[in-house]
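Descriptive structure summary
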Amino acid sequence: MTTEPGDKTPRHLGAGPATGKSDAQLSLLPPVVAATASRELHPGSRLKPIPAPASAIVHKPEPLSGQPLWIAVWLPHLALDSLVQTGTAPPGPLIVVDDAARPRVHDGNRAARRAGIQPGMALADALAMLNTPIIVDYVPETMRQHLQALATVLLQFSDHVCPEPGQQRVLLEIGRSLRLFKGLEALEKRIMRTLRQLGYSPRIGCARTPAMARLLARLGHPERPRDRDSLRRVLTPLPLTALPLATGDLAVLRGIGLTRVGELLRLPRGDLALRYGNRLPTLLDHLLGDSPEVIPRFQPPDLPFFHLEFDQEVSSTGALRFPLKRLLQQLEQALRARHRSVQGLELQLLHREATTALSLERSHPGSRTEEWLELWSIRLSRVRLPAPVRGMRLQVARLLPLAGATSGLFGSAEGAADETGFLTRLRARLGDDAIARFVPTLNPLPEQAQEEYPPEEISSTVLATTTPAQRVVGAALWLQPIQPCPTPRGHGWLGRLEGGWWSNGNDQRRDYALARDHQGRRCWVFRDLRSGQWYTQGFWG
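Residues numbered from 1 in each chain as written. Predicted model: local features only at pLDDT ≥ 70, side-chain atom pairs only at ≥ 80, totals over all residues. Heavy atoms only, no water.

**Regarding the overall build of the protein**
On a plain count of helices and strands, the protein comes out with 16 helices and 19 strands. For the protein, long-range pairs separated by at least 24 residues make up 58% of all intrachain contacts whose partners lie at least 6 apart in sequence. Counting every atom, the protein has about 31600 Å² of accessible surface; 53% of that belongs to carbon and sulfur. (Helix = DSSP H or I, 4+ residues; strand = E, 2+ residues; numbered from the N terminus. Contact = heavy atoms within 4.5 Å. Areas by Shrake-Rupley, 256 points an atom, 1.4 Å probe, with all protein chains shown as cover.)

**Concerning unusual backbone geometry**
A positive phi is found at glutamine 168, a non-glycine position, where the angle reads about 55 degrees. In the Ramachandran plot, histidine 339 falls in the positive-phi region, its phi being about 55 degrees despite a non-glycine side chain. Here histidine 339 lies in the loop between α12 (321–338) and β9 (340–350).

**A look at the nonpolar core**
By size, the foremost hydrophobic cluster in this structure holds 37 residues, and its most contacted members are Ile71, Val73, Leu172, Ile174 and Ile191. In contact with isoleucine 174, other than residues within four places in its own chain, are Leu69, Ile71, Phe157, Ser158, Leu184 and Leu187. (Core = buried A, V, L, I, M, F, W, Y, C linked by side-chain atoms within 4.5 Å. Buried < 20%, exposed > 50% of the residue type's maximum accessible area, 1.4 Å probe, protein only.)

**Observations regarding the sheet that holds strand β18 (residues 522–528)**
Taken together, the 5 strands give an open sheet; going across it, the order is β15-β19-β18-β17-β16, and neighbouring strands pair in antiparallel fashion. Edge positions in the sheet fall to β15 (478–485) and β16 (492–499), since each of these pairs with one other strand and no more. Neighbour to neighbour, the strand axes of the sheet diverge by 25 degrees on average, direction disregarded. Bridging between β16 and strand β17 (residues 508–516) involves 7 bridges; their strand directions are antiparallel. Pairing of glycine 495 across the sheet is with tyrosine 512, part of β17. (Pairing = 2+ DSSP bridges. Axes fitted to C-alpha atoms, helices over the stretch in contact; angles between N-to-C directions.)

**Here's the deal with empty space enclosed by the protein**
Using the criterion set out here, one finds 1 cavity of 30 Å³ or more in the structure. The space that makes up the largest cavity amounts to roughly 60 Å³. Those elements that provide at least two residues to the lining of the largest cavity are α8 (247–255) and α11 (279–288). Of the residues forming the lining of the largest cavity, the biggest block, 3 residues, is contributed by α8. Taken together, the residues of the lining of the largest cavity break down into 4 nonpolar, no polar and 2 charged. (1 Å grid on protein atoms, 1.4 Å probe; cavity = no way out; pocket = protein on both sides within 12 Å on 5 of 7 lines; lining within 4 Å. Points joined across faces, edges and corners; volume = space filled by probe spheres on them. Nonpolar A, V, L, I, M, F, W, Y, C, P; charged D, E, K, R; others polar.)

**Re the sheet that holds strand β2 (residues 94–98)**
Strand-to-strand pairing in sheets goes through backbone hydrogen bonds, with the strands running parallel or antiparallel. What the 3 strands build is an open sheet, ordered β3-β2-β4; its pairing is mixed. Each end of this open sheet is capped by a strand with a single partner; those strands are β3 (105–108) and β4 (134–138). Shown here is a sheet whose adjacent strand axes are inclined to one another by a mean of 30 degrees, direction ignored. Both β2 and β4 contribute to a ladder of 5 bridges, which runs parallel. Across the sheet, residue aspartate 98 finds its bridge partner in β4, namely tyrosine 138. Sitting on the sheet, helix α1 (residues 78–86) touches β2, β3 and β4, and the angle it makes with β2 is about 125 degrees.

**Some words on the state of the cysteines**
Across all of its chains, the model carries 0 disulfides by this definition. Considering cysteine sulfurs only, cysteine 485 is the nearest to cysteine 523, which forms no disulfide, with 7.7 Å between them. Residue cysteine 523 is classed as buried on the basis of its relative accessible area of 6%. (Disulfide = S-S within 2.5 Å.)

**Regarding the packing of aromatic side chains**
One pass over the structure, following the stated rule, counts 5 aromatic pairs. Seen in terms of ring centroids, tryptophan 493 and tryptophan 534 are 5.7 Å apart; in terms of plane orientation they differ by 40 degrees. Their pairing is tilted. A residue pair is termed long-range when its members are at least 10 positions apart, and tryptophan 493 in strand β16 and tryptophan 534 in strand β19 (residues 534–539) qualify at 41 residues. You can call tryptophan 493 partly exposed: its relative accessible area is 47%. Ring pairs connect the aromatic residues Tyr512, Trp524, Phe526 and Tyr535, which therefore count as one cluster. Here the guanidinium or amino end of arginine 362 rests over the ring plane of tryptophan 372, the centre of that ring lying 4.9 Å away. The lysine or arginine in question, arginine 393, covers the ring of phenylalanine 305, its NZ or CZ lying 4.2 Å from the ring centre. (Phe/Tyr/Trp six-rings, centres within 6.5 Å; stacked < 30°, edge-to-face > 60°. Lys NZ or Arg CZ within 6 Å of the ring centre and 35° of its normal.)

**Re the layout of surface pockets**
Empty space within the second largest pocket amounts to approximately 480 Å³. Forming the walls of the second largest pocket are 18 residues, and the residues nearest its centre are Gln167, Arg169, Arg214, Arg218 and Pro244. For the lining of the second largest pocket, the secondary-structure elements that each account for two or more residues are β3, α6 (210–219) and α11. Grouping the constituent residues of the lining of the second largest pocket by class yields 7 nonpolar, 6 polar and 5 charged.

**Side note on α12**
Counting along an α-helix, one turn takes 3.6 residues, and residues three or four places apart therefore face a common direction. A rise of 1.5 Å per residue sets the reference length of α12, with its 18 residues, at 26 Å; its end C-alpha atoms lie 26 Å apart and thus fit the reference within 8%. With 14 of 18 residues buried, α12 is to be regarded as a mostly interior element. Residue histidine 339 follows α12 closely and has a positive phi angle near 55 degrees. (Expected span 1.5 Å × (residues − 1).)

As far as function goes, none of this settles anything; it's purely spatial.
See the structure below:
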């Protein structure tokens, strides 16, 4: 309020002239609007909008590289996936049965599920619903080998991997891998693509805690909670049946009127421990991250190996190509995880009472599935199976460092790679002992100037070495045992060769020449300077 000069009556801002009455009506000004309340100003105004405080801006939570973040890969149909990998899964209803005193259905293919088959159903009830289905036994050891092979493959995405065979699941800690793989979404897509290429049908769950990641993978939940508040928010609306609790524990909780996980989270943990033991509070602490869960690290074998068992015996080598491709794909992914390559592989074909062992050696290291599959297909085409095959095992002979592909200025490296690939295919088709290279021995005599060596044992520096005598008299395209021949006519001299004087009884002095025989062939001949006799040693190209 204010007063005019000489006027003792107070006057409020916005009021009319003072009347001196106590019941004067006051007219209030409209409320002042803060600049931050609205971002829209009059076009002619010189005022600029004040940005809202940082606390008022809501950002979508993003995972920070280095913070713990877990992915659970659940394989609910692992037993069926292992059959699909062999390529021998027959059409029609198929059920996998647990081998127990009271057999029950472990899983069934799509045809069996359409007929009403459910996991946990008694085998007798399943047989009553299906007309002569195909029954396959569930082998826990085989499933454990599959999970270990998958854990070896998944090491390319994380150094902390843990297979859980009892639950057909693999855990990965990927918090430190996000920056490398350009974010969580890209990493999940790569994991899914890799597993599907190997013939598996996974479900993925991701959360800040491994227990929550397991739960989300089993439920197929799309949320990816990354802090405690979001973990609690996702858990609250879930039914109690979503928790991995025993049937007795669920019945007790329902008996006190609980139906949702949120109702359980509001109860004091101490009271829960007194009434129901430590299992339930420990589970809740692991889900919310209040209590850390120790996850062991998977240690892969020194030399990776991969194993497949067939549900039906295979009698032809051509039918082995598909399961062998699956094993080679797993090997390629495992080598990528270790940044290694291989030059030799061993393949064991498992029969009922015997094993056929095969080995394949390349001229240069490699890990690509297509290259190895072509070589193994050539090799298997030469094999005659002594008995039907029930399984196969692929093992690495030796791990080698992963060398980067380099090429010379004029493409010499590419030509070398083509040459070694050609030799490798020849060896796969003809056998290991059918392909060899001749290496100079620095002996001047042509019949002793070279020795036979496997291609992979030869260095490039040795291959370029020749003797002065060989450069003088040349070398025939095709050598043969030395044979006496008549004196040639119209021969052309090449040069003289002397050597062997240091060896007892092998002192040689020869004059080499080119001549034609009665068939018109160009022969490589020489005259012994001691006896004067002419000899044929080979044919000129």
